[in-house]
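# Topology and contacts: notes
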Amino acid sequence: MTSPALPEKLERFLEGIDLLEDRSERIQALIEIAERFREVPETVAKRPFRDEHKVPACESQAYVWAVPRPDGTQKFWFAVENPQGISARSLAVILDETLSGAPPANVAAVPGDVVYRIFGNELSMGKSMGLMSMVSMVQNEAKKLLRGRA
Amino acid sequence: MSTSAIESRGYKRPEVLVSTDWVADHLKDPKLRVVESNEDPLLYPSKHVPGAVEVDWTRDLNDPVRRDYLQKKGFEALMSRIGAARDTTVVLYGDKNNWWATYAFWIFQLFGHTNAKVMDGGRLKWEKEGRPMTKDVPKYPATQYAAPERDDTKIRAFRDHVLAHVQAKRPLVDVRSPQEYSGERLHMPEYPNEGALRGGHIPGAQSIPWGRAVNPDDGTFKTADELRAIYEKEKGLKPADDVIAYCRIGERSSHTWFVLTYLLGYGKVRNYDGSWTEWGNMVGVPIEK
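Reading the values: rules and limits
Residues numbered from 1 in each chain as written. Chains lettered and ligands numbered in written order. Predicted model: local features only at pLDDT ≥ 70, side-chain atom pairs only at ≥ 80, totals over all residues. Contact = placed C-beta atoms within 7 Å. Helix = DSSP H or I, 4+ residues; strand = E, 2+ residues; numbered from the N terminus. Nonpolar A, V, L, I, M, F, W, Y, C, P; charged D, E, K, R; others polar. Pairing = 2+ DSSP bridges. Domains from an automatic or database assignment. Buried ≥ 20, exposed ≤ 12 C-beta atoms within 10 Å, placed from the backbone. pLDDT = per-residue confidence, 0-100.

### Considering the interface of chain A and chain B
Listed as interface residues are 21 residues of chain A and, on the opposing side, 18 residues of chain B. Taken together, the elements giving at least two residues each to the side of chain A that touches chain B come down to helix H2 (23-34), helix H3 (86-99) and helix H6 (125-149) of chain A. Looking at the side of chain A that touches chain B residue by residue, the classes come out as 11 nonpolar, 8 polar and 2 charged.

The structure is reproduced here in structure tokens:
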């Protein structure tokens, strides 16, 4: 059985970031992406955020919410409570921009190690686990939606 | 509560710590090099203390092939690149309450660069105080830096030392989280705990998570009395003890090594950088849960 394909926007994003072979160019691109971060609106969640939305193993204290859309997809929202969590903010923007609105089956199949393709292999284990946990949380939201339909 | 002055906190060697005020006043000192060392590779390029250079723990401090730190030539090249001479005062700071800064500090001590300090509170405190930051990456004239051979004998422990330490029932400090210490699995099902095949801790090790040494609000170190309450009253360590600290790869334990060595004045503290990624993968070594 073949796994569902990567969501189209994520695939396009990865193809683009793969072209940035120079480490500093890639880092600069990821910093600029982080600058687009917009926190979860109060209409979705207010502080104190509930633990069930907290990303495990993420020292940047990231939170994830999934809001169902009428078309059967989800909109993903994030909060990153650690002001120094710039990689977490960058990944949050990437996940929102490439997975919100994507078919849930494809979102549920995004591999956690996509973070290495985005950030490179020089992440510490702690950092990579935190970022992979963010992907895992988004996957889980898509899986919950799919289970609810079954 | 504002942080008390470093000199009033009762440290044995307060000269290894400098305040953010002190760094701000010395930014243009030509005999000073401010060095940022982080876990998050995006932080320094996004903004940093004006004039600070970056030392990256993976690219700059580790051997690219085998598991070890850079050698004499690599350290000389690093110091030349950041424009530091043997008599340059290096001030390290970084994210994670200076966890990576103390790691770099520890490696600098393997090469005897004793003219090194840590900025109390690190990047967190500097940012919280609204001090200036820049994206400009400075360039300094390269120096001729003559380093001694790396000395692994005094502050670094290897697995055989640790085995002997266990057998002699000498004090070991496990600075990882309580969940790592107990061997409880983490949340990533496809990954073994901490990159090791076995979970748990080295027999006899006390659990003293590294972060207990800092004030979480501003990342500054706790006072000597507060630190003694943790390491000595609560855990029974003594300044004359021969102590080995470890974590996963030796980064967090370098923070505890710094605290015990400089802030509390312990005479013999070694960092076991093989740590749990070595111990938890070795065949036949004892493990406690």
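That was the structure; now back to the text.
### Brief notes about the sheet that holds strand S3 (residues 53-54) of chain B
Residues and elements named next belong to chain B. One open sheet accounts for 5 strands, arranged S1-S5-S4-S2-S3; its pairing is parallel. Unpaired on one side and paired on the other, strand S1 (17-18) and S3 mark the two borders of the sheet. In terms of strand pairing, S1 meets strand S5 (residues 116-119) through 2 bridges, oriented parallel. Bridging across to S5, Val18 finds its partner in Met119.

### Things to note about the domain arrangement of chain B
Residue and element names in this part refer to chain B. In terms of domains, chain B is made up of domain 1 (6-128) and domain 2 (156-279). Domain 1 and domain 2 are separated by 21 Å when their C-alpha centres are compared. Every contact between the two is made by 22 residues of domain 1 and, on the other side, 21 residues of domain 2. For the side of domain 1 that touches domain 2, the secondary structure elements donating two or more residues are helix H4 (95-110) and helix H5 (122-128). Ranked by residue count, the leading element in the side of domain 1 that touches domain 2 is H4, at 9 residues. Here the residues of the side of domain 1 that touches domain 2 sort into 10 nonpolar, 6 polar and 6 charged.

### A word on unusual backbone geometry
At the junction of Arg47 of chain A and Pro48 of chain A, the peptide bond is cis and its omega measures out at 0° in the coordinates. Relative to the helices and strands, Pro48 of chain A is located in the loop between H2 and strand S1 (62-68). Located in the positive-phi region is Asn97 of chain B, a residue other than glycine, with phi close to 55°. Locating Asn97 of chain B in the fold gives a position in helix H4. Judged by local crowding, Asn97 of chain B falls into the buried class, with 24 C-beta atoms found within 10 Å.

### Comments concerning the confidence of the model for chain A
Caution applies to low-pLDDT parts of the model: their predicted coordinates are not meant to be read in detail. Taken over all residues, the pLDDT of chain A has a mean of 93, while the share at 70 or more is 99%. Averaged pLDDT values for the elements of chain A fall to 91 in H6 of chain A and rise to 98 in strand S2 (residues 74-80) of chain A.

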